[in-house]
Structure formats: C-alpha cells, structure tokens
Amino acid sequence: MDQKEVRIGVIGTGMGRVHMQFYSEVPGVKIVAICDLNEPEARFFADKYGATKVFTDYRDLCAMEGLDGISIAVPNYLHAPMTLAALDAGINVLCEKPMATKLEDAHAMVEKAQKTGKRLMVHMNSRYRDSSLALGALAPAGQLGQVYYGRSSMIRRRSVPTIHFPPTGIMGRGPWFLDREEAGGGALMDIGVHAYDLMWWFMGCPKPVAVSASTFRMLYNDEAAAKGVKFDVDELASALVRYENGATAFVDVSWAAHSEPEWNVRVLGTEAGIMLNPPTVFRDRGGLLESTKVEVPEPLRVSAQQHFVDCIRDPNKTLISPGTQALEVVKVLDAIRRSAAAGKEVAIAE
Ligand SMILES: NC(=O)c1ccc[n+]([C@@H]2O[C@H](COP(=O)([O-])OP(=O)(O)OC[C@H]3O[C@@H](n4cnc5c(N)ncnc54)[C@H](O)[C@@H]3O)[C@@H](O)[C@H]2O)c1
C-alpha cells in the first residue's frame, strides 16, 4: 500500500544528523529542509540528504508550506521556543531531550500541543532500543507484579562536554552544555534525563511526590577555567525519588568520576525483577533464581524517527515517548535541582 509522503525538517546539525540518518531509512519520508546557525554545515547535510531548503533562522523553516514534522536538536534552552513556534505553525514536533530547561516551558509545550492538536514527541531514544522496548512492556502488562523499587546508574569517568570531546566531533562539542542558563544542568540534564526516564518507564510511570538529591562539580573546574569556558553545572547528580504508590527509586549519573564506567537499570516487583544490561528478567522458581534473557518481538522493533512518522500518519497511534511523560520527567529534574540547592527533600511541583 502506498503511504503518504511525510515531509520533514531538521533543526540542528550535531545530534540532528543522527535524526537525519534515521529519517533517511524510513520509507516515504523526504527530508526537505535543514536549519542551523552554521550555514555551511546545514548545506552539507542538505546536500547529503537531498533537502532543497537551507535556513539559519528556525522561524523561516516553520513558515515553510507543507511541512509535516520537525526534529529539534539544538541547545536545551531553545527547545521550548522552537517547539512552540513549530506547533503554532501546525507542524508535528520531535524534540530532543531534555524537553526543557524550565518546568514552566515544559508545561507550555504540552499545552500548545493539546491546543493545536499536533504531535509532541520527545527523543527519549533509550526507550527505542530493542531491549528497552521489550523491558518497558513488562510492568504495564502486570508481569512484574507490584513494582516497588528502581535503581539506575550512568557513571562516566571522563566525559565532560567541551573538555573531553573535540569541537569537531558529533557529541558533546558545544560549550553550552556547561552553562546552566543554556543547558539547565550538567550530567543531570544530559544523561540523568535518560537514566531517570528509562527506569521510571520500566517502573510503569508511577507518580513522583518527593525528591532528595545532591549534585557535585568537583573534578574539572580548573580545566574549564584554563580553557576559558563557563562551567556552572553539575558533574555528578544523585537522587532518591519517592512515589505516591509507595515505590522508591535511586538514580546517580556522572560525566566525571574516579570510577569504572557503569550503565545499568534495575527494577524490582513482587513477581519479577528486571535489569537492562544485559537485558534480563529475574524470577524466583521454588527458591532458585531464574534468569531469562529478554528477546524483543519483531513487531515491537522501531526507531524513534520511524515511530514519529508512524504517529504523524496515524493521529490515533499512541506515542511511546510523548511530551506529557517528558513533562513528568522535567518535574523530577526540577525537584532534583531544587533539593540539591536546598540540601533537603522537596515536594514535586505540579
Ligand atoms: N537523545 C540523545 O541521545 C542525545 C544525544 C546528544 C545530544 N542530544 C540533545 O540534542 C541537542 C543538541 O545537542 P548536540 O550535541 O547536537 O549539540 P551541538 O552543540 O553539537 O549542536 C547544536 C547545534 O545547534 C545549532 N544551533 C544553536 N543555536 C541555534 C539556533 N538558534 N538556530 C539554529 N541552530 C542553532 C548549533 O549551530 C549546533 O550545530 C541537545 O538538546 C542535546 O541534549 C540528545
């Protein structure tokens, strides 16, 4: 069956180039426009993917006729204004994580999507890995029983953007990552958002009520100063989150630490426990531990960009990583920053 052609624009050529690559693999998708302040780079990718339009001002891209969807992959503080402009122009949005640097911006984005009736998806791409799609389906299907505990750690040893990544690379090249105004936070907003989100999704998205957190910047102040880079965000964040249903979760993430690198998520329920790396389900069988490797059924496999396009084509299809859930994550990130600043447990702000 012929599917309607879906016309896509991409803003940002750093992580945005990953979006372009995935879109180029989706049948019936045409990348029609690329926007970046760096015009030569935008033109390079426009040529690579056959886009006919190149812009340096996102408002010109949003004014284009016939755009179905847009990917927004720019510094965090720009997610909100660009998303609002695109939704106002009647364009569906796939926005990078974290959804916003400020809670009120995340609320405004969700409200705008509801008002305009357009799709707002957030690029929580760790949900779209095969193993995550399989593990994420277990709690909603009741297979874990009552979920009461989550633990997620993403510990990196030497991964401070700008300091440990080359300016010409794909990842962590922008000094904005280290600037609180532009990034909203450091390791917390960059990788903490993934670590928390994936665990919370595996837990079945319980409602958070309180957070007790600490954040640290201990190791690379001097190197940032020597490079003349503003550095006022966390290198490491840790948080205990309490949920309305009595469940509790612990998350810690770092860009820098004297530690072996680590990335894992564990969730415990009364019927089974799960682990991300390697993807495993644990059950008790007559007192013995049964470990089952998780296999994802073929129909569940999908890239974030394929899913976004599917949801544009079918307005009734349920988003795997909707703006409404990303807003709940921003509430926790906001509470983590407030708790760390206050040095005590804080309530989640609605
Ligand atoms: N989902 C993931 O796994 C993942 C991975 C990396 C980055 N990201 C997210 O992607 C976003 C971009 O990160 P990045 O690593 O690509 O950063 P980057 O600094 O490498 O690239 C950002 C790009 O945005 C452009 N830009 C800045 N202001 C602009 C404006 N006003 N108009 C148009 N273009 C503008 C810059 O010129 C640059 O090319 C961030 O929100 C980041 O958190 C997500």
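Up top is the structure.
Source: prediction; values computed, not measured.

**Student:** I would appreciate a short explanation of the overall build of the protein in the present structure.
**Tutor:** Looking only at helices and strands, the protein features eleven helices and 15 strands. Rg of the C-alpha trace for the protein: 20 Å, near the compact-globule value of 20 Å for 350 residues, within the 12% margin. Counting only C-alpha atoms, the protein reaches 60 × 60 × 35 Å along its principal axes. Sequence-distant contacts, at least 24 apart, represent 68% of the contacts inside the protein between residues at least 6 apart. With an accessible surface of roughly 15,600 Å², the protein has 51% of that area assigned to carbon and sulfur atoms. Separation of charge centres in the protein, based on 38 positive and 42 negative side chains, amounts to 0 Å.

**Student:** Can you help me understand empty space enclosed by the protein in this one?
**Tutor:** It is a probe the size of a water molecule, rolled over the atoms, that shows where empty space is left. Within the structure shown, the criterion is met by two cavities of 30 Å³ or more. Volume-wise, the largest cavity comes out at about 50 Å³. Around the largest cavity, the lining residues are Leu188, Gly192, Tyr196, Ala237, Ser238, Ala239, Val251, Asp252, Val253 and Ile336. Counted by class, the lining of the largest cavity contains seven nonpolar, two polar and one charged residues. Computed from the structure, the second largest cavity encloses a volume of approximately 30 Å³.

**Student:** Just checking my understanding: could you explain the sheet that holds strand β4 (residues 69-72) for this structure?
**Tutor:** Reading across from one edge, β3-β2-β1-β4-β5-β6 is the order of the six strands in this open sheet, with parallel pairing throughout. Sheet topology places β3 (53-55) and β6 (120-122) at the edges, where each strand pairs with a single neighbour. Sheet twist, expressed as the mean angle between neighbouring strand axes with direction ignored, is 25°. The pairing of strand β1 (residues 6-11) with strand β2 (residues 29-35) spans six bridges and is parallel. Across the sheet, Arg7 pairs through a bridge with Lys30, a residue of β2. Here helix α2 (residues 39-49) sits on the sheet and contacts β2 and β3; the angle it forms with β2, its principal contact strand, is near 170°.

**Student:** Got a minute to help me understand the site of the ligand in this structure?
**Tutor:** Near the ligand lie 23 residues; those nearest to it are Met15, Asp36, Asn76, Arg173 and Trp176. One nitrogen or oxygen atom from the side chain of Thr13 is found 3.5 Å from an oxygen atom belonging to the ligand. A distance of 3.0 Å separates a nitrogen atom of the ligand from a polar side-chain atom of Glu96. Summarising the interface, the protein chains cover 88% of the accessible area of the ligand, which totals 850 Å² for the free molecule. In a pocket analysis with a 2 Å cut-off to the grid points, the ligand is assigned to the largest pocket. The residue makeup of the shell around the ligand, split by class, is eleven nonpolar, eight polar and four charged. Residues lining the shell around the ligand come from more than one domain, with at least three contributed by each of domain 1 (6-123 + 303-328) and domain 2 (129-297).

Procedures and definitions
Residues numbered from 1 in each chain as written. Predicted model: local features only at pLDDT ≥ 70, side-chain atom pairs only at ≥ 80, totals over all residues. Heavy atoms only, no water. Helix = DSSP H or I, 4+ residues; strand = E, 2+ residues; numbered from the N terminus. Rg over C-alpha atoms; globule rule 2.2 N^0.38 Å. Contact = heavy atoms within 4.5 Å. Areas by Shrake-Rupley, 256 points an atom, 1.4 Å probe, with all protein chains shown as cover. Lys, Arg positive; Asp, Glu negative; His and termini not counted. Charge placed at Lys NZ, Arg CZ, Asp CG, Glu CD. 1 Å grid on protein atoms, 1.4 Å probe; cavity = no way out; pocket = protein on both sides within 12 Å on 5 of 7 lines; lining within 4 Å. Points joined across faces, edges and corners; volume = space filled by probe spheres on them. Nonpolar A, V, L, I, M, F, W, Y, C, P; charged D, E, K, R; others polar. Pairing = 2+ DSSP bridges. Axes fitted to C-alpha atoms, helices over the stretch in contact; angles between N-to-C directions. Near = heavy atom within 4 Å. Polar contact = N/O pair within 3.5 Å; in protein donor to acceptor, adjacent residues only side chain to side chain. Sits in = over half its atoms within 2 Å of the grid points. Domains from an automatic or database assignment.

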